[in-house]
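Fold and contact review
These are the residues of each chain, in order.
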Number of protein chains: 2
Amino acid sequence: MIEQGGFISKDKEIKKREKPLTQAEFKEQLIDVGRLFYHDKHPFHVAMHEGKLSREQIQGWVANRYYYQKSVPIKDAVILSKLPSREFRRDWIQRITDHDGRNEGEGGIEAWLKLGEAVGLSREELLEEDHIVPGVRFSVDAYVNFVQEKTWIEAVASSLTELFSPDLISNRIQVLEDLYPWINHSGLGYFHNRLTQAPRDTNIALKIVMDYCQTPEEQQRAIDALRFKCDVLWAQLDAIEHAFPH
Amino acid sequence: MIEQGGFISKDKEIKKREKPLTQAEFKEQLIDVGRLFYHDKHPFHVAMHEGKLSREQIQGWVANRYYYQKSVPIKDAVILSKLPSREFRRDWIQRITDHDGRNEGEGGIEAWLKLGEAVGLSREELLEEDHIVPGVRFSVDAYVNFVQEKTWIEAVASSLTELFSPDLISNRIQVLEDLYPWINHSGLGYFHNRLTQAPRDTNIALKIVMDYCQTPEEQQRAIDALRFKCDVLWAQLDAIEHAFPH
């Protein structure tokens, strides 16, 4: 078992493992990473889901998270350039189209700008990136650098946080509608879209990771990559919470 | 004027230019690069278009050029990851879909494999890459490295060889049908598709280069990038001609 809190104690058992995990054990380990380190457990998200965030905190979160949104298709294009076959690229390219849209006014980035408007931020304010705090920028840039520098399979594994996002997002839609009545509900389209996109993407990525990570080392690198991505999401919330304190 | 042949004498006038070229002059310079250095003038292509290539030479060309075809979407994904906006990505992503196809059995790489069959090479032979000579591999890899390492606008400019390809390709279709009756004409779909794809892609890329290269230095870097790409294509034919001599 992976442990949480205080100094990180790496799981020596995994590191020393000589035989690969079974498919079921491997999947369980991946899910364990999310169970312990996914950002739904971050105090800022917990407070959000308890309806405790101020208007300014919600705005700060949306404005900062825009930097992540705008970087996602860049990250996915880097992965696309590293994938080993056109069959894989055919699946992965959908992620980029989802975020960029096929035409003006479409796509996830556009939907995030609309979310900004729904919480009272102008489109220009988001695009100018003035509200983005350094810790968010560093975390997101670290993610793009990670997929650039690591192997393609580690880059794919890092995307597996989407295993955990549908639960968080479906809760969030409810929370934002119920506990933040001042938010214009018509601006929540981003989250509605992700409810169908994320499971589709994750099924593809999970199958690739399961198929290609066969040795103990490959499996561990995939687990580490997923943990890294959890850290990227977590560190963004740390920085946002510091900039927009309770 | 750029000169051809012997030692390369760099055009000192361009290098020293203090004022930017007009749009018309800049476009003329780009076209000049193609007029002098595009691979339609390579002895191997000249011989092909005179009907002088043997079956083995045609096969060698198709088998080797496969390595270029399979690398094009990788190159385009690298460019995609560097483009500065989702508006640009929306246009550029089409190139990747054109090459990879949306579904099994579609796309430019698949069409090239069919061309292989039309000239008497099995799909497996192409996929195994045993016929690919080092010079082709080095040239194509240099192209992928170039777009990785250079600025996004130089990467875009390097794609402008497509300015010159429709003329070459429409001639080639006629040539292959008329002068190489042993080739199965049903396998020429790749070239037919490129007749509409290349002008569309080039119009987009040319507009970007014209808009973004405003200083003499930026214009010169675009011209140099296009020249580099001509060299990539030319060097492939050098290597193919040496491996499959007349």
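Everything below is about the structure printed above this text.
The text that follows walks through the structure, step by step, so that each part is easy to find. Quantities reported herein were computed from a predicted structural model and do not represent experimental measurements.

Let's shift gears to the overall build of chain A. Helix and strand counts for chain A come out as 12 helices and zero strands. Seen in sequence order, chain A has helices and strands lined up from the N terminus as α-α-α-α-α-α-α-α-α-α-α-α. Its C-alpha atoms give chain A a radius of gyration of 18 Å, near enough to 18 Å, the size a compact globule of 246 residues would have. Taken along its principal axes, the extent of the C-alpha atoms in chain A is 55 × 45 × 30 Å. Here chain A, with 246 residues, has 55% of them falling under the buried criterion. At a minimum sequence separation of 6, the contacts of chain A that also span at least 24 residues come to 78%.

What follows concerns helix 4 (residues 55–82) of chain B. All names here are of chain B. The terminal C-alpha atoms of helix 4 lie 41 Å apart, and with 28 residues this matches the ideal 40 Å at 1.5 Å per residue to within 8%. Along its length, helix 4 shows its largest kink, about 30°, at serine 71, and proline proline 73 lies within four residues downstream of that point. Of all 28 residues that make up helix 4, 23 are buried, and the element is covered over most of its length.

By a simple turn and slide, chain A fits onto chain B: the slide is 0.0 Å along the axis, the RMSD is 0.0 Å, and the turn is 180°. In symmetry terms, the pair is related by a two-fold rotation axis. When C-alpha distances to the rotation axis are compared across chain A, the minimum falls at alanine 77 of chain A, with a value of 2.8 Å. The residues that chain A uses at the interface reappear at the interface of chain B in 100% of cases, marking a shared surface.

Let us look at the pattern of salt bridges. Throughout the structure, instances matching the rule amount to 38 salt bridges over all chains. Among the ionic pairs, arginine 35 of chain A bridges to aspartate 32 of chain A, the shortest N-O distance being 3.0 Å. One end of the pair is arginine 35 of chain A and the other is aspartate 32 of chain A, both in helix 2 (residues 23–37) and three residues apart, which spans about a single turn. Two residues, aspartate 211 of chain B and lysine 207 of chain B, come together in a salt bridge whose shortest N-O distance is 2.7 Å. Taken together, the positions of aspartate 211 of chain B and lysine 207 of chain B, both in helix 11 (residues 189–212) and four residues apart, correspond to about one turn of that helix.

Basis of the calculations
- Residues numbered from 1 in each chain as written.
- Chains lettered and ligands numbered in written order.
- Predicted model: local features only at pLDDT ≥ 70, side-chain atom pairs only at ≥ 80, totals over all residues.
- Heavy atoms only, no water.
- Helix = DSSP H or I, 4+ residues; strand = E, 2+ residues; numbered from the N terminus.
- Rg over C-alpha atoms; globule rule 2.2 N^0.38 Å.
- Buried < 20%, exposed > 50% of the residue type's maximum accessible area, 1.4 Å probe, protein only.
- Contact = heavy atoms within 4.5 Å.
- Expected span 1.5 Å × (residues − 1).
- Bend = angle between axes of the 7 residues up to and from the residue.
- Least-squares fit on C-alpha atoms with pLDDT ≥ 70 in both.
- Salt bridge = Lys/Arg side-chain N within 4 Å of Asp/Glu carboxyl O.

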